[in-house]
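# Report on the structure
Take a look at the letters that make up each chain.
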Amino acid sequence: LMLTVRDIHDRKQGEVNLVWAAERDKMTGILNHDSTIKYAENFLNTEGRFHTHALFVIDIDNFKRINDTYGHQAGDRFITHIAHTIQKKFRETDLVGRIGGDEFLVLMKNVPNVMVVKEKGEDLLAALREACSEAYQLNVSGSIGVSLYHNENDSFESLFEKADQAMYSSKRKGKGQLFFASDMLYTDF
């Protein structure tokens, strides 16, 4: 009988690190586009299926002005700052990801009622205003759209579409605002 013992800790840690790196946005460290979508869809199709959740779509208004005025490195630092600002406003269990150059998505899981979502939206908007205040002369702000998942028949795609439309309503109404999907206005759970 021959027995061989090997320490595979380093190899396993390397595999974990590779998975983590593949799922993260390299600049900000939060989830990247594909991982954000994958985890949100998976959650809504499994354990989150019968609960209520809020989807926030956040876009930084006039972000291009930072790159044009101060350069791309300043723009990268600004986006990283915004990512961390958003991440701090949500729980560790919520999904926070960067889905585009200056677009972010948050799935706030298991919300108890609409008022909590509205308060979180207002809190996030205030935090974005503070984070954008350094670039006030460039009129940089954050527009937020929010939709609710409260029916297992809802899909991630429809949830995202409603939140995205609400975010564009914010932009049309002057930017730097918080808008809720129309079906949220009459929802009470």
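What this report covers is the structure whose coordinates are included nearby. Bear in mind the structure is a predicted one, so any value in this text is a computation, not a measurement.

## Digging into the packing of aromatic side chains
For the coordinates displayed, the defined rule picks out 3 aromatic pairs. Ring centres of Phe-63 and Phe-78 lie 6.3 Å apart, and the angle between their planes is 20°; this geometry places the pair in the stacked category. Within this pair, whereas Phe-63 is found in the loop between β1 (53-61) and α3 (64-70), its partner Phe-78 is found in helix α4 (residues 72-88), the two being separated by 15 residues in sequence. Given a relative accessible area of 10%, Phe-63 falls into the buried group.

## Thoughts on the environment of Leu-148
In this fold, Leu-148 is placed in strand β4 (residues 141-149). Residue classification places Leu-148 among the buried residues on the basis of a relative accessible area of 0%. In the structure, Leu-148 is positioned 34 residues away from Val-114 in sequence and 8.6 Å away in space, judged by C-alpha atoms.

Cut-offs applied
- Residues numbered from 1 in each chain as written.
- Predicted model: local features only at pLDDT ≥ 70, side-chain atom pairs only at ≥ 80, totals over all residues.
- Heavy atoms only, no water.
- Phe/Tyr/Trp six-rings, centres within 6.5 Å; stacked < 30°, edge-to-face > 60°.
- Helix = DSSP H or I, 4+ residues; strand = E, 2+ residues; numbered from the N terminus.
- Buried < 20%, exposed > 50% of the residue type's maximum accessible area, 1.4 Å probe, protein only.

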